[in-house]
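Architecture and fold: a report
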Amino acid sequence: MIEVKAGGPVGEASADVLVVPVLGGRNWGPGADWVADQLGDYLTTYLDEIDFQGKAGSVASVPVRDRLDFKKVLLVGLGENPDEEQLRQGAGSAGKKVARDASIATTLHMVGDDSAAAVLEGLLLSQYRFDKYRTEKKPSKLEQITLLDLGDEAAAAAAHRAQIVAEAVNLARDLINEPPSAKPPSALVEMAHRVAGETGLDIRVYDPDHFEEEGFGGLIGVAAGSHEPAAMIVLRHDPPDPKGFIGLVGKGIVFDSGGLSLKPPAGMESMKTDMSGAAVVIATMQAVAALGLPVKVVGVTPVTENMPGGGAQRPGDVLTPRNGKTVEVLNTDAEGRLVLADGLSLVAEEEPDLIVDAATLTGACPVALGEKIAGLWGNTDEAIHKVEAAAKSAGEDVWHMPLPDFYRKNIDSDIADMKNTGPRYGGSINAALFLKEFVGDVPWAHLDIAGPARWPDDEHYQVKGGSGFGVRTLIRLVELAGE
Ligand code: BES
Ligand code: MN
Ligand code: ZN
């Protein structure tokens, strides 16, 4: 774990690298003014040569040799008036450039108010690597971050939160990046047990022997084509005198082949990530417990593989998920909504104040919003606003999408209460309308993370691959519920 400590004025800092902010138009941020004083013309000439103006996303690495007592100084461009997320991203860009150094001292957190936790999140998240399967590993060498000009208490508080958040996001990233046969449902069950053991969460796992009596018809249907036993995992954070009660549900398809409605090869390439929602929920539960948040939270993850084995469900089959509504399965590749039907019904029975699900549900969602924005649906304005506010505050991009009743007939079935497909147009909305059938009257919001669950490129604190998108929003959601 990277050590975080408080430090004094920038003039007394000691570290391998000094990291300071520069605002748009080359306006020195805190600490950068000191660097500019020390280096004089050398700095401005160098920055002119490399044309560094302090634009958001730019980082200048200034060699200082014997001029200053650092190996280098990083000037982090933040643009005009950076908000907290732009600061987090700037810290992430800087973090990528110090992964080979042992220690940094920074003043980035002096931009804006109470920014230390966001800066630390950016720095910590940017150090992530998934090189377990490489013979040559290049782990981050960063060991120590000094937050200059900050009191011990403020630094400790920011470090506490940022470490827990980054650990949770990285847990989700690890689970998502893991190859499919290395993470059968049993492995996720084991992981959930480990998380519960370490954090004191209560855990209950339903195994396939009990699916019938529990009424998990959706999970039974999807799991039927796989040799791997499925599981319904329920994690519970139950503090005394809770300030609220939130239910979380995450789609846990450890590999989505499409089932008998088999996907074409290209469509299958990324389908090990189809358990991202479950990873996000398990990681959030870990953080909620570690932070000791004063809110009751139940995290439900239906986990299975979607395979076309001899026992697989057939297009035309009818399933009955836990709340008793019947579903005609016309496309076995629309499996996420089937397992979520059981998960949502289960948690809705406990009547939380709010249910939020996260799922890599539809390919149509990234078609609409691109790969870096999640779709957001909900059955009440308040539920939607709560998730929007949490996402905004956490620095994750979500976009509110419509859930019109006049599209409900898109999922009418000829023989059952509904079918699991609909027309191609509005595919993400049809899926959300399906989920809505399983939450009863409980306020509910749905995040379709099919795009951002995997980050398509390396940028700022993001690393190409499993992103853990949603963890920060859900942690913030629970924090806000406890305020
Ligand atoms: N897991 C997929 C959705 C997905 C696609 C996530 C691409 C990430 C990237 C989901 O189970 C699925 O296959 N959905 C179908 C639904 C359709 C059959 C109604 C889809 O989006 O094509
Ligand atoms: Mn599918
Ligand atoms: Zn899927």
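Each chain has its residues counted from 1, following the order in which its sequence is written. Chain A is the first chain written and ligand 1 is the first ligand written, with later ones labelled in order. A pLDDT threshold of at least 70 governs which residues receive local features in this predicted model, and a stricter bar of 80 or more applies before side-chain atom pairs are shown or counted, although totals over entire chains, interfaces and linings include all residues. Computation of side-chain values: all heavy atoms of the structure, hydrogens and water removed.

**Overview of the overall build of the chain**
Each helix and strand in the chain was counted, giving 15 helices and 21 strands. Note on method: radius of gyration uses C-alpha positions; expected globular size equals 2.2 Å times residues raised to 0.38. Here the chain has a C-alpha radius of gyration of 24 Å; the compact-globule value for 483 residues is 23 Å, and the two agree. Throughout this description, buried means an accessible area under 20% of the type-specific maximum (1.4 Å probe, protein chains only), exposed means over 50%, and partly exposed covers the range between. The buried share of the chain, taken over its 483 residues, is 59%. Residue contacts are counted whenever heavy atoms from the two residues lie within 4.5 Å of one another. Excluding contacts between residues fewer than 6 apart, the proportion of contacts in the chain whose partners are at least 24 apart in sequence is 76%. We treat Lys and Arg as the positive residues and Asp and Glu as the negative residues; His and chain ends play no part in the count. Charge placement uses NZ in Lys and CZ in Arg. For Asp and Glu, CG and CD serve respectively. In the chain, 44 side chains carry a positive charge and 71 a negative one; their mean positions are 5 Å apart. Each helix is a run of H or I in the DSSP string that is no shorter than four residues. Each strand is a run of E no shorter than two, and both are numbered from the N terminus.

**Comments concerning the coordination of the manganese ion (ligand 2)**
Expected angles at a metal are 109.5 degrees for tetrahedral coordination by four donors and either 90 or 180 degrees for octahedral coordination by six donors. As a rule, N, O and S atoms within 2.8 Å of a metal are its donors, except that Na, K and Ca use 3.2 Å; water is not among the atoms, so sites may look incomplete. The coordination sphere of the manganese ion (ligand 2) contains the protein donors Asp 256 (OD), Asp 333 (O), Asp 333 (OD) and Glu 335 (OE), at a distance range of 2.0 to 2.2 Å. Square planar and octahedral assignments, for four and six donors respectively, both demand that opposite donors be over 155 degrees apart and that all other angles lie between 65 and 115; tetrahedral needs four donors with all angles between 85 and 135 degrees, and anything else is irregular. Considering all six donor atoms around the manganese ion (ligand 2), the spread of angles at the metal, 71 to 168°, places the coordination shape in the irregular class. Sequence positions of the donors to the manganese ion (ligand 2) reduce to the motif D-x76-D-x1-E. Judged by its relative accessible area of 21%, Asp 333 is partly exposed.

**Notes on the domain arrangement of the chain**
Buried accessible area, meaning the area lost when the parts come together, often serves as the stated size of an interface. Each assigned domain of the chain is listed here: domain 1 (3–150) and domain 2 (176–481). Centre-to-centre, using C-alpha coordinates, domain 1 lies 37 Å away from domain 2. Facing 15 residues of domain 1, the contacting portion of domain 2 comprises 14 residues. Throughout this description, the term salt bridge denotes a Lys or Arg side-chain nitrogen within 4 Å of a carboxyl oxygen of Asp or Glu. Here domain 1 is connected to domain 2 by four salt bridges. Each domain's limits were defined by an automated method or a database of domain assignments.

**Quick look at the side chain of Arg 173**
Within the secondary structure, Arg 173 is located in helix H5 (residues 152–177). Within the buried core, Arg 173 has no salt-bridge partner, and the shortest N-O distance to an opposite charge, that of Asp 458, equals 8.0 Å. Residues in contact with Arg 173, not counting those within four places in the same chain, are Leu 125, Tyr 128, Tyr 461, Gln 462, Val 463, Gly 466, Ser 467 and Gly 468.

**Some details on a positive patch on the surface**
Patches in this entry comprise residues that are over 30% relatively accessible and not in a salt bridge; like charges within 9 Å are linked, as are nonpolar side chains (Val, Leu, Ile, Met, Phe, Trp, Tyr) within 5 Å. The Shrake-Rupley method, run with a 1.4 Å probe sphere, supplies the accessible areas, and residue values consider only the shown protein chains as cover. A cluster of basic side chains, namely Arg 100, Arg 129, Lys 138 and Lys 141, defines a positive patch on the protein surface. Secondary-structure assignment places Lys 138 in the loop between helix H4 (116–125) and strand E7 (144–147).

**Focus: the coordination of the zinc ion (ligand 3)**
Donor atoms from the polypeptide that coordinate the zinc ion (ligand 3) comprise Lys 251 (NZ), Asp 256 (OD), Asp 274 (OD) and Glu 335 (OE), at 2.0 to 2.4 Å from the metal. The manganese ion (ligand 2) is placed at 3.1 Å from the zinc ion (ligand 3), the two being bridged by Asp 256. Taken together, the residues Asp 274 in the loop between helix H9 (265–268) and helix H10 (276–291) and Glu 335 in the loop between strand E14 (327–328) and helix H11 (336–348) connect sequence positions 61 residues apart. For the pair shown, Asp 274 and Glu 335 are each scored as buried.

**What about the environment of Ala 168?**
Mapping Ala 168 onto the fold places it in helix H5. Along the primary structure Ala 168 and Ile 282 are separated by 114 residues, whereas in three dimensions their C-alpha atoms are 8.6 Å apart. The contacts of Ala 168, once residues within four sequence positions are left out, are Ala 283, Gln 286, Ala 287, Val 471 and Ile 475.

**Remarks on the packing of aromatic side chains**
What characterises a pair of aromatic rings is the spacing of the ring centres plus the angle enclosed by the ring planes. In this analysis, rings of Phe, Tyr and Trp, with Trp reduced to its six-membered ring, are considered paired at centre separations within 6.5 Å, and the interplanar angle assigns stacked below 30 degrees, edge-to-face beyond 60, and tilted for intermediate values. By the definition in use, this model includes five aromatic pairs. Aromatic side chains Phe 406 and Tyr 407 sit 4.9 Å apart centroid to centroid with 75° between the ring planes, which places their arrangement in the edge-to-face category. Classification of Tyr 407 as partly exposed rests on a relative accessible area of 33%. Consider the rings of Phe 434 and Phe 438, whose centres lie 5.3 Å apart with planes at 40°: the pair is tilted. Through a chain of ring-to-ring contacts, three or more aromatic side chains come together here, namely Tyr 206, Phe 211 and Phe 216. Geometrically, a charge over a ring is one whose NZ (Lys) or CZ (Arg) sits within 6 Å of the ring centre while staying within 35 degrees of the ring normal. For the cation-ring pair, Arg 67 lies above Tyr 42, with the distance from its terminal atom to the ring centre recorded as 3.6 Å. Here the guanidinium or amino end of Lys 296 rests over the ring plane of Phe 245, the centre of that ring lying 4.4 Å away.

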